Amino acid sequence: MATTGTNQRFEILSLLVRNVLTSNSKNFQLHGDKQFVMQILPTAPDRAFITNDCYDSSFDLGAITYTDILQRLLRLGFQIQSSAGGSFQLPKSEKSIIKNEPQQTLPQDTFVLQYTLVRTHNVG
């Protein structure tokens, strides 16, 4: 009995969203093959590609929100394989001398979301 295997090709993209709460969701990077990113964002200027495989919306005056990007990717057959979120605060130059001072969210706080999206193609 012969078994036939199916070869699969994977397209993997990573969407990194920065300052989610303060930037109107338009501050993100999309990591993946530039040719494919250009299909998703056909009007993206070359200056928005900080490397050949990294689109940065902060260099695109016509950037759309990351939720619009997610919708486009899901319609194209991508699936969210993982997601993570968190925040951190950049180091301050001075520390408070008050011991019981409540922690406050400052404008320099950074909130981050990260999505890994995968699309599978059967080959052969």
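Residues numbered from 1 in each chain as written. Predicted model: local features only at pLDDT ≥ 70, side-chain atom pairs only at ≥ 80, totals over all residues. Heavy atoms only, no water.

## Examining helix 2 (residues 66-75)
Moving on, step 1. Of the positions making up helix 2, those classed as buried are Tyr 66, Ile 69, Leu 70 and Leu 73. Each buried residue of helix 2 lies within a common arc of 100 degrees when the element is viewed along its axis, so the set occupies one face.
Moving on, step 2. Taken from the residues just after helix 2, Gly 77 is the one with a positive phi, measuring 95 degrees. (Buried < 20%, exposed > 50% of the residue type's maximum accessible area, 1.4 Å probe, protein only. Helix = DSSP H or I, 4+ residues; strand = E, 2+ residues; numbered from the N terminus. Arc of directions from axis to C-beta.)

## Overview of the side chain of Asp 60
Moving on, step 1. Relative to the assigned elements, Asp 60 resides in the loop between strand 4 (54-56) and helix 2.
Moving on, step 2. Despite being buried, Asp 60 has no salt bridge partner; Arg 47 is the closest side chain of opposite charge, sitting 5.4 Å away.
Moving on, step 3. Of the polar contacts made by the side chain of Asp 60, one reaches the side chain of Tyr 55; its length is 2.7 Å.
Moving on, step 4. Excluding anything up to four places from it in sequence, Asp 60 contacts Ala 44, Pro 45, Ala 48 and Tyr 55. (Lys, Arg positive; Asp, Glu negative; His and termini not counted. Salt bridge = Lys/Arg side-chain N within 4 Å of Asp/Glu carboxyl O. Polar contact = N/O pair within 3.5 Å; in protein donor to acceptor, adjacent residues only side chain to side chain. Contact = heavy atoms within 4.5 Å.)

## So, the packing of aromatic side chains
Moving on, step 1. Using the criterion set out here, one finds four aromatic pairs in the structure.
Moving on, step 2. In textbook terms, an aromatic cluster arises when at least three aromatic residues are bridged by ring pairs, as seen for Phe 28, Phe 49 and Tyr 55. (Phe/Tyr/Trp six-rings, centres within 6.5 Å; stacked < 30°, edge-to-face > 60°.)

## Comments concerning the confidence of the model for the chain
Moving on, step 1. On average, residues of the chain carry a pLDDT of 82, and 75% of them reach 70 or more.
Moving on, step 2. In the model of the chain, strand 6 (residues 109-123) stands out as the element of lowest mean pLDDT, 86, in contrast to strand 4, which has the highest, 95. (pLDDT = per-residue confidence, 0-100.)

## Points about the pattern of salt bridges
Moving on, step 1. Under the counting rule described, the total for this entry stands at three salt bridges.
Moving on, step 2. The partner of Arg 18 in a salt bridge is Asp 56, with the nearest N and O atoms 3.4 Å apart. Taken together, the residues span a long stretch of sequence, with Arg 18 in strand 1 (residues 7-18) and Asp 56 in strand 4 at a distance of 38 residues. For the pair Arg 18 and Asp 56, one class covers both residues: buried.

## Focus: the nonpolar core
Moving on, step 1. The biggest cluster of nonpolar side chains holds 21 residues, and the ones touching the most others in it are Leu 15, Leu 30, Ile 40, Tyr 55, Ile 69 and Leu 73.
Moving on, step 2. Broken down by secondary-structure element, the contributors of at least two residues to this core are strand 1, strand 2 (28-31), helix 1 (34-40), helix 2 and strand 6.
Moving on, step 3. Counting residues per element, this core draws most heavily on helix 2, which supplies four residues.
Moving on, step 4. Among residues more than four places away in sequence, those in contact with Tyr 55 are Phe 28, Gln 29, Leu 30, Val 37, Leu 41, Ala 44, Ala 48, Phe 49, Asp 60 and Ala 63. (Core = buried A, V, L, I, M, F, W, Y, C linked by side-chain atoms within 4.5 Å.)

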